[in-house]
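Each chain, letter by letter, is given below.
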Amino acid sequence: MEPTAEFYFNLADREKKGFIVKRDMQRLLESESEVSFSPPQLESVFELMDKRGRGYVTLEEFTVIFENFCGLEAKQGLDSKSECRRLLQSIKDTNVIPRALPELEKITDCLLDSQFSAFTNVYQDVWERFLSILHQDLTLRLEQEEILERNMKLKERDSFNYVQSMMDEMESQIQTERKKIADEEQRKAQKATARLANELEEKERRLQLIGIKEHELKSQIAVIKGKNSSLSNLNEKLLRQKEQLEEEIAEERKRTEELLGQIGEYKQKLDEKRSEDQEINQVYHVNLPPLHSKLLLQAKGLAEQLRMLFALEAFLLSDKR
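Residues numbered from 1 in each chain as written. Predicted model: local features only at pLDDT ≥ 70, side-chain atom pairs only at ≥ 80, totals over all residues. Heavy atoms only, no water.

Named according to an unreviewed UniProt entry, the protein is EF-hand domain-containing protein originating from Bemisia tabaci.

To continue, consider the overall build of the protein. For the protein, the count of helices and strands is 8 helices and 2 strands. When the helices and strands of the protein are read in sequence order from the N terminus, they spell out α-β-α-α-β-α-α-α-α-α. Within the protein, buried positions represent 21% of all 321 residues. Across the protein, contacts joining residues at least 24 apart in sequence account for 60% of those joining residues at least 6 apart. Surface summary for the protein: the accessible area is close to 24,400 Å², and the carbon and sulfur share equals 55%. (Helix = DSSP H or I, 4+ residues; strand = E, 2+ residues; numbered from the N terminus. Buried < 20%, exposed > 50% of the residue type's maximum accessible area, 1.4 Å probe, protein only. Contact = heavy atoms within 4.5 Å. Areas by Shrake-Rupley, 256 points an atom, 1.4 Å probe, with all protein chains shown as cover.)

Let us now look at a nonpolar patch on the surface. On the surface, Tyr-162, Val-163, Met-166 and Met-167 cluster together into a nonpolar patch covering about 390 Å² of accessible area. Summarising the element assignment, Met-166 is placed in helix α7 (residues 118–284). Looking at Met-166, the relative accessible area reads 32%, which means it is partly exposed. (Patch = residues over 30% accessible without salt bridge, like charges linked within 9 Å, V, L, I, M, F, W, Y side chains within 5 Å. Salt bridge = Lys/Arg side-chain N within 4 Å of Asp/Glu carboxyl O.)

Mapping Asp-13 onto the fold places it in the loop between α1 (5–12) and β1 (19–20). Exposure remark for Asp-13: the relative accessible area of 3% places this residue in the buried category. A distance of 3.2 Å separates a polar atom in the side chain of Asp-13 from the backbone nitrogen of Lys-16. Engagement of the side chain of Asp-13 in a polar contact is seen with the backbone nitrogen of Gly-18, the distance being 2.8 Å. When sequence neighbours within four positions are dropped, the list of residues in contact with Asp-13 reads Gly-18, Phe-19 and Ile-20. (Polar contact = N/O pair within 3.5 Å; in protein donor to acceptor, adjacent residues only side chain to side chain.)

Attention shifts here to unusual backbone geometry. Unusually for a residue other than glycine, Lys-16 sits at a positive phi of about 60 degrees. Take Lys-16: it is sitting in the loop between α1 and β1. According to the relative accessible area criterion, Lys-16 is exposed, its value standing at 60%.

Bringing the side chain of Thr-58 into the picture now. Here Thr-58 is to be found in strand β2 (residues 57–58). On the accessibility criterion, Thr-58 (18% relative accessible area) is buried. Leaving out residues up to four positions away in the same chain, Thr-58 has contacts with Phe-9, Gly-18 and Phe-19.

In this section: the pattern of salt bridges. For the structure on display, the rule yields 13 salt bridges. Close ionic contact of Asp-13 with Lys-17 constitutes a salt bridge, the shortest N to O distance being 3.3 Å. Take Lys-17: its relative accessible area is 32%, and that puts it in the partly exposed class. Among the salt bridges present, the one from Arg-255 reaches Glu-252, with a minimum N-O distance of 1.5 Å. You can see Arg-255 and its partner Glu-252 sitting in helix α7, 3 residues apart, about one turn around the helix. Each of the salt bridges in this network shares a partner with another, and the network as a whole consists of Asp-13, Glu-15, Lys-17, Asp-24 and Arg-27.

A separate point is the nonpolar core. Grouped together as the largest cluster of nonpolar side chains are 16 residues, with contacts concentrated most on Ile-20, Met-25, Met-49, Val-57 and Phe-62. Secondary structure elements with two or more residues in this core: α1, α2 (22–33), α3 (39–49) and α4 (59–71). Core analysis: the second largest hydrophobic core is formed by 5 residues, Leu-88, Ile-91, Leu-104 and Leu-138 among them. (Core = buried A, V, L, I, M, F, W, Y, C linked by side-chain atoms within 4.5 Å.)

The pLDDT averaged across the protein works out to 76; a share of 77% of its residues lies at or above 70. For the protein, helix α6 (residues 101–111) is the element with the lowest average pLDDT, namely 72, and β1 is the one with the highest, namely 91. In this model residues 72–78 is a low-confidence stretch, pLDDT under 50, and it forms 5 contacts with partners more than four residues away in sequence or in other chains. Here residues 114–119 scores under 50 on pLDDT; set against residues more than four positions off or in separate chains, the count is 12 contacts. (pLDDT = per-residue confidence, 0-100.)

This paragraph deals with α1. For α1, the full list of buried residues reads Ala-5, Tyr-8, Phe-9 and Ala-12. Buried residues along α1 cover an arc of 105 degrees about the axis, so they all sit on one side. (Arc of directions from axis to C-beta.)

So this is what it looks like as structure tokens:
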């Protein structure tokens, strides 16, 4: 009777925990194959069973893997050991996992050792299948990398062509914009030149007008200078007349002062006469005609002449200033 999966599981689970860990697997492999697995090798075998990555393997998981191992049939006419060696060499040739190759070689050497038990021989077939799948995956990865590299080159070429076309289009747009700017600058320069020419003509016309006005002003200045000479002569004449008038005013002032003195005497006499007349009127009750009316008229005339002389003197003084 061949050992069952439960038999090997119980051998590993000595503490009756209901599951096995890596240490239990190490003891089982040592007891059955008399060969100790290195930590990386044990890690690979245990991960094959612990697909959930929980750190332990239950009886159900162990049974599934064990039955799969036992159900594998050797291929007719194919040497498993040589096939494993060939697959390992193919994996080396891919040079995709150089750091993991030493561990793969160690595991392969252990599995292909002739001293393994029947249980380990089952692992040999599984390892052959694992190497075959790994080789296929690596080959597929290399093909995908080649395809990716070709696609990258195609995309790079397309990108280069696209960028080149964009640059050509931008260069064309830049040339067009430069031409537009140059045309606009030329139009602005023409407008500015025309404006400056008009301004220059306007300034020349104004200069001509200024020249004409300057000539007219010179003529007027000459006329004014002639008039000034005449005015100078007239001023001299007026000054002489003014001096004569001042002398006459001085004489008239003297006479006016004399007249004022006489007027004062007349007023005094009139006041005395008026007092006498009032006394006579009171005594004889008669109204005598005013005998001094003629004197009053003469006094008013003299006062008016005096006022006119004062006004003339003020005018002459202001003109002198």
